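The residues making up each chain are set out below.
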Amino acid sequence: MGYDLKDIFEYFVTDGTFSNGESYGSGHIHDTFRIETIETDKDDYILQRLNNKIFKNIPELQHNIERVTVHLRNKLSSIPGSNIKRECLKLIPSRDGKSWIIDNEGNYWRMYIFISNHHSYNVVDNPDKAFEGGKAIGRFQAMLSDMPGGPLFETIPWFHNIEKRLEAFTGKIKENPAGRVESIGKEIDLILQRAEEMKIILRLGKEGKIPLRITHNDTKFNNILLDENDKALCVIDLDTVMPGYIHYDFGDAIRTAANTASEDESDLSRVKMDIKLFKAYSEGYLSETVQTLNDVEKEFLAFAPRLITYTIAVRFLTDFIDGDNYFKIHHPLHNLQRAKAQLRLVMSMEEQYEDMKSIINKLTKG
Ligand code: ADP
Ligand code: GN1
Ligand code: MG
C-alpha cells in the first residue's frame, strides 16, 4: 500500500520533522505506521489509516477517544508522580483543528504520540506481567467510572452481544458465500453445542443484576503497554471504549494473557489456559476494582473468559465462512486456524472452571 506517509504526516500539527514511516504492530483492524522524526529529542508518532468499513462513523469514534483521553489525563494529573505523556494516549490535532483527517482518496487518518520504550506482548510468559496487565485494566475502568458527559457513542453496535453474533454466524452458514461450510462441520458443532449457556451475561444485564459501565471492550494483551520494567504503563486501542459489562474486559484479557500459546497457534496441543496466569491477572485486576463490583459481577467473573473466548471463536469462524472480510489475515486459512485455537482454549477453560471459580471466590471474599 503506497501511501505518501510524509504528506499525510504534514496534515498534522507536529513538533518534529518526518524522517521515515514503517508498518508497525500486529493489530487486526487498522493500518498502523510508526513515524520517526529526524530530531532525537522530539517525539515519534503512530499514524493510523482507520478502518472505516468496520468503524462506520469516524467523527463519533474520534469524539469518544477525545473525551476518554481528556478525562484520563485530568485524573492522572492529580496523581503525584504520574507521567501523563506515557500513561495516556495523546491525539495529535490536524491543521484544521480536528483529531483526524481525510486524504484525497477518502482515507481517514489519525495520529498519536508514539509511547517510547514500551513492551507489548502477544503471549505472556510470567505471572508478574499478567498481574500488571490486570492492574492496568482495573485502573482504566476505575478512572473512567465518573466520566462526565453522558454515554459514549456505540462505535460498533452489539459488539460483544453473543445473541447477535450467533445470529450472524448461523446466517452466514445458511448463505455459505465462500463455499467453506462443508469443511468445518466439527467447529460449527462445537459452537452450537455451547450457544445456550453463553447467553447468561446478557440475561443478567437484562434483569438489571449487572450494570453497564464504561469498558474498553478490546483488552487483548497487546493493547496494554508495559514499561521498560514490565510495569503497567498505558492502555491503548480505544476505538471500542463504550458501555459494556466488565466481564467483556476481564474475559478478553484472560483469553490472551493466560493462553500458553498465541491466538492463532496451529499446534493445538500447545493451547492451554495457564491457571497461574489467570490467578495473577485476577489479582491485579481485583486490586483496583474489588470495592466497586457488585456481588453478581464478581460471581460471574470466572465465567467471562469462557464467554469472550467463545465469542471471538464465533467471530473468526463467521469471517472465515464469509470469505475473510473483517480481520486482517496472513494466509488463506488464518481465520479458521484462529477459530480452532480459540475453541481449544474454551475447552481448556471448561476443564479448569472449578479452579477458576475458587480463585475468584478467594480474591473477592477475602
Ligand atoms: P488495531 O485496532 O489495528 O489493533 P491499535 O490501535 O491497537 O490498532 O494499534 C496497533 C499496534 O500499534 C498496537 O498493538 C501497538 O503495538 C501499536 N501502538 C498503537 N498506538 C501506539 C502508541 N501510541 N504508542 C506506541 N505504540 C502504539
Ligand atoms: C481485533 O484491533 P485489535 O487487533 O486489537 C478486534 C477484537 C478481537 C481481536 C482478536 C474492533 O482487535 O474485537 O478480539 O481483533 N477488534 C475489533 O485478535 O473488532
Ligand atoms: Mg489493537
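If you're wondering where the values come from, they're calculated on a predicted model, not measured in any experiment. (Residues numbered from 1 in each chain as written. Chains lettered and ligands numbered in written order. Predicted model: local features only at pLDDT ≥ 70, side-chain atom pairs only at ≥ 80, totals over all residues. Heavy atoms only, no water.)

Topic: the environment of Lys357
Position of Lys357 among the secondary structure elements: in helix 13 (residues 353-365). Using a relative accessible area of 33% as the deciding quantity, one classes Lys357 as partly exposed. Linking Lys357 and Lys298, residues 59 residues apart in sequence, is a C-alpha distance of 9.9 Å. (Helix = DSSP H or I, 4+ residues; strand = E, 2+ residues; numbered from the N terminus. Buried < 20%, exposed > 50% of the residue type's maximum accessible area, 1.4 Å probe, protein only.)

Notes on the coordination of the magnesium ion (ligand 3)
In the first shell of the magnesium ion (ligand 3), the protein supplies Asn223 (OD1) and Asp237 (OD), at 2.2 to 2.4 Å from the metal. Of this pair, Asn223 sits in the loop between strand 6 (213-215) and strand 7 (224-226) while Asp237 sits in the loop between strand 8 (232-235) and strand 9 (242-244), and the two are 14 residues apart along the sequence. Classification of Asn223 as buried rests on a relative accessible area of 6%. Taking relative accessible area as the criterion, Asp237 reaches 24% and is therefore assigned partly exposed. (Donors = N, O, S within 2.8 Å, 3.2 Å for Na, K, Ca; no water.)

So, the packing of helix 9 (residues 275-289) against helix 13
As a packed pair, helix 9 and helix 13 sit with axes 10 Å apart at the nearest point and diverge in direction by 25°. The orientation of helix 9 with respect to helix 13, classified from their angle, is roughly parallel. When the axes of helix 9 and helix 13 are compared, the crossing they make is right-handed. Two secondary-structure elements touch here, helix 9 through Ile275, Phe278, Lys279, Ser282, Glu283 and Leu286 and helix 13 through Asp355, Met356, Ile359, Ile360, Leu363 and Thr364. Counted by class, the contact of helix 9 with helix 13 contains 7 nonpolar, 2 polar and 3 charged residues. (Axes fitted to C-alpha atoms, helices over the stretch in contact; angles between N-to-C directions. Parallel < 35°, antiparallel > 145°, perpendicular 65-115°, else oblique. Left-handed = near helix turned anticlockwise from the far one by under 90°. Contact = heavy atoms within 4.5 Å. Nonpolar A, V, L, I, M, F, W, Y, C, P; charged D, E, K, R; others polar.)

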